[in-house]
Amino acid sequence: MTGNWTDLAFLLVPTVYLLAAGLAGFAAPRAGWKLLQGGNALALALALALDLAPDPVSGWFLHEPVNSIVLSLVAFIGLVVARFSTHYLDGDAGQARFQRWLQVTLACVAVVVTTNHYLVLLLAWAGISLSLHQLLMFYPERKRAALAAHKKFLFARLAELCLAAAGCLLYLEHGTLAIDGMLAAYSDPGVALGVREQLAALLIASAAMVKCAQFPVHGWLIQVVEAPTPVSALLHAGIINLGGYLLLLMAPLLALAAPAKALLLVVAGLTCVIAALITMTRVSIKVLLAWSTVAQMGLMLVECALGQYGLALLHLVAHSCYKAYCFLAAGGQVEAYLQQRLAPPAEAAAAVAPLFILAAVGLFAALAVTGLLAPDASLWLLFALVVLMLVSERGSLLVRGSALRALAVAGGLAVAYFLQKSVFTALAPATAAPGLPATLWCAALFLGLLGAYWLLRCRPDSALSRRLYRNLYAGFYLDEWATRVTLAIWPAQLPLRATSKQVLTIKQLEASR
């Protein structure tokens, strides 16, 4: 009886989204928004009720803790975005179109995070991209938005091809398209992957990286800030995280695939560090948040590659809520606030960072020699670096007070991090610890991040710092290269917008006639 109830509830969540979209099309705009809010609230209530259902797998649907958490998160973000859009798009001629495609997007996301059938997942994954494309093109006359949507369209097709190819390989290996049936083969200890399975894992990792806008296919995510703010919030708080969800879903396979994990560590690790440094060169709040998303997605994929799936799930939830708030609350005062919050370069900060780097390198070397490195040692190192940055910025608007207070804040953050990580680790898939090379690689990345941060903050006038800043400001020209390639493969007919000078010249010519 419970299984039938959960089947119906899982089916009702996307159905509610689609019904709200259809009914809103026959109502006045304000009534349509009320229908959307009511429908999204009902979808959230159903998602929360499913969290209490006991069945682990229900027919065509997956009901693991990861699926339930992500479904509830998506429903919550959808309700928040719908409520915000009610006022944000009030009076806009295209709000009915926005209502329709918002709900279709949410329905497709709900299917992706609950389905137990690989083909359904692939079709819904493509549906997300196609419906999101309509939202990204909400203002089709904007050339920058059109170019970003064009690149996103091509990269989405690439991710879908990777997913489709991986599905074919796994079907040939296991003879089933049921996701739980595929993954059941990897639950026994001592399982070794064949060539087809290793290739499938590489393709899944590649699809996740493309979905999460990792280098060098990241540029579209920076440029889609031309879309309405609710679209940016939905994209950065929900849809961009689906690459991480894919890796969480396929964790039993990924845990055994060393080449796929190595690919994630290299590409996502470098993306995380470089994108985090690029945020230091940005002053536009929306662009800064977009670069921050690229860096955060890189870190989440690194966590998956290290086998820290509980931390990756916590990261997914926290990032979604944080980015939704940031985009929806972004205003004119935020930029000034971000400029003021950092303390000016100080001798204390200049001295602390190099000493900490030397101490951390020495400690890691000693632990590596003695074989005492913990499985998540590099992630604890990253947390320690964050605390160090807070201490080195003491005197700013956020970090005022004595050194004792700074240490107390650091201790509180460490306890909160440990407790939350423990809870989400119990809910996420279990996996083996990463090897020593992966831990040392991540440690080197994080120490390099701190070193570059110290150089930019404390030695901004040095020749090396100026050269680094110029390249970071240009994003190392990776997006320009990717744009040329995509336009060469599939040219786009971009809209032309006349400048004010051109408009004035046209008016003068008409007047002279």
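Residue numbers restart at each chain and count upward from 1, following the sequence in its written direction. Thresholds applied to this predicted model are a pLDDT of at least 70 for local features of residues and 80 or more for the giving and counting of side-chain atom pairs; totals over whole chains, interfaces and linings are not thresholded and use all residues. Excluding hydrogens and water, the side-chain figures rest on all heavy atoms present in the structure.

Enquirer: So what about the nonpolar core? Which residues, and what values?
Expert: The nonpolar core is taken to be a set of buried Ala, Val, Leu, Ile, Met, Phe, Trp, Tyr and Cys residues, with the residues joined through side-chain atoms within 4.5 Å. Whether a residue is buried, partly exposed or exposed follows from its accessible area with a 1.4 Å probe, protein chains only, as a fraction of its type maximum: under 20%, in between, or over 50%, in that order. The biggest cluster of nonpolar side chains holds 155 residues, and the ones touching the most others in it are Met250 and Leu253. Counting residues per element, this core draws most heavily on helix H14 (residues 285-305), which supplies 14 residues. Counting from the N terminus, the helices are the DSSP runs of H or I reaching at least four residues and the strands are the DSSP runs of E reaching at least two.

Enquirer: Tell me about the packing of aromatic side chains, and please be specific about residues and values.
Expert: Only centres within 6.5 Å qualify two rings of Phe, Tyr or Trp (six-membered ring in Trp) as a pair; their planes then separate them into stacked at under 30 degrees, edge-to-face at over 60, and tilted for everything else. Under the counting rule described, the total for this entry stands at eight aromatic pairs. Note on phenylalanine 138 and tyrosine 139: the rings are 4.9 Å apart at their centroids and 75° apart in plane angle, and the pair reads as edge-to-face. Exposure remark for tyrosine 139: the relative accessible area of 19% places this residue in the buried category. A centroid spacing of 6.3 Å and a plane angle of 75° characterise the contact between phenylalanine 215 and tryptophan 291, whose relative ring orientation is edge-to-face. Pair noted here: phenylalanine 215 is in the loop between helix H8 (195-211) and helix H9 (219-223) and tryptophan 291 is in helix H14, with a separation of 76 residues, a long-range link. There is no split in this pair, since phenylalanine 215 and tryptophan 291 are both buried.

Enquirer: Explain unusual backbone geometry to me, and be specific about the residues and the numbers.
Expert: Phenylalanine 215 connects to proline 216 through a cis peptide bond whose omega is 0°. Its place among the elements puts proline 216 in the loop between H8 and H9. The phi angle at alanine 213 is positive, at roughly 60°, despite the residue not being glycine. Structurally, alanine 213 is set in the loop between H8 and H9. Its relative accessible area of 0% is what places alanine 213 among the buried residues. At tyrosine 477, a position not held by glycine, the phi torsion is positive, near 60°. Looking at the secondary structure, you find tyrosine 477 in the loop between helix H21 (463-473) and helix H22 (478-489).

Enquirer: Lay out helix H11 (residues 242-249) in plain terms, naming residues and giving numbers.
Expert: For H11, a buried count of eight out of eight residues is recorded, marking the element as mostly surrounded by other parts of the structure. Taken together, the buried positions of H11 are occupied by Leu242, Gly243, Gly244, Tyr245, Leu246, Leu247, Leu248 and Leu249.

Enquirer: Describe the environment of leucine 427, and please don't skip the residues or the numbers.
Expert: Among the structural elements, leucine 427 can be located in helix H19 (residues 403-427). The class for leucine 427 is partly exposed, based on a relative accessible area of 32%. Note: C-alpha distance between leucine 427 and glutamate 64 (363 residues apart in sequence) is 8.5 Å. Every residue pair with non-hydrogen atoms within 4.5 Å of one another is taken to be in contact. Setting aside residues no more than four positions away along its own chain, leucine 427 makes contact with Pro65, Val66 and Ile69.

Enquirer: Before we move on, can you summarise a nonpolar patch on the surface with the specific residues and values?
Expert: Within this analysis, patches are made of residues with over 30% relative accessible area and no salt bridge. Like charges are joined at 9 Å or less; nonpolar side chains (Val, Leu, Ile, Met, Phe, Trp, Tyr) at 5 Å or less. Methods summary: accessible areas were calculated by the Shrake-Rupley approach with a probe of 1.4 Å, and residue burial reflects only the protein chains presented. By convention in these notes, a salt bridge is any Lys or Arg side-chain nitrogen within 4 Å of a carboxyl oxygen on Asp or Glu. On the surface, Trp380, Val415, Phe418 and Leu419 cluster together to form a nonpolar patch covering roughly 390 Å² of accessible area. Within the secondary structure, tryptophan 380 is located in helix H18 (residues 377-392). With a relative accessible area of 31%, tryptophan 380 lands in the partly exposed category.

Enquirer: Could you give an account of the pattern of salt bridges, naming the residues involved and the relevant values?
Expert: Taken as a whole and assessed by the stated rule, the structure comprises four salt bridges. Among the salt bridges present, the one from aspartate 90 reaches arginine 30, with a minimum N-O distance of 3.6 Å. One end of the pair, aspartate 90, is in the loop between helix H3 (65-88) and helix H4 (95-112); the other, arginine 30, is in helix H2 (residues 29-50), and 60 residues separate them in sequence. Residue class for arginine 30 comes out exposed when judged on its relative accessible area of 61%.

Enquirer: Lay out the environment of tryptophan 125 in plain terms, naming residues and giving numbers.
Expert: Structurally, tryptophan 125 is set in helix H5 (residues 118-136). For tryptophan 125, a relative accessible area of 2% translates into the label buried. Here tryptophan 125 is in contact with Val112, Ala159, Glu160, Leu163, Lys211, Leu242, Gly243 and Leu246, once residues within four sequence places are set aside.

Enquirer: Go over the packing of helix H20 (residues 436-458) against H21 with me, naming the residues and quoting the values.
Expert: The angle between two axes is taken between their N-to-C directions and runs from 0 to 180 degrees, where each axis is a line fitted to C-alpha atoms and a helix contributes only its stretch in contact. The N-to-C vectors of H20 and H21 enclose an angle of 110°; their axes lie 9 Å apart at closest approach. On the basis of their axis angle, the class for H20 and H21 is roughly perpendicular. Here Ala452, Leu455 and Leu456 of H20 come into contact with H21, specifically with Leu464, Ser465, Leu468, Tyr469 and Leu472. Gly counts as polar in this scheme, as do all residues outside two lists: the nonpolar Ala, Val, Leu, Ile, Met, Phe, Trp, Tyr, Cys and Pro, and the charged Asp, Glu, Lys and Arg. The residue inventory of the contact of H20 with H21, partitioned by class, reads seven nonpolar, one polar and no charged. By the definition adopted for this analysis, an angle is roughly parallel if under 35 degrees, roughly antiparallel if over 145, roughly perpendicular if from 65 to 115, and oblique otherwise.

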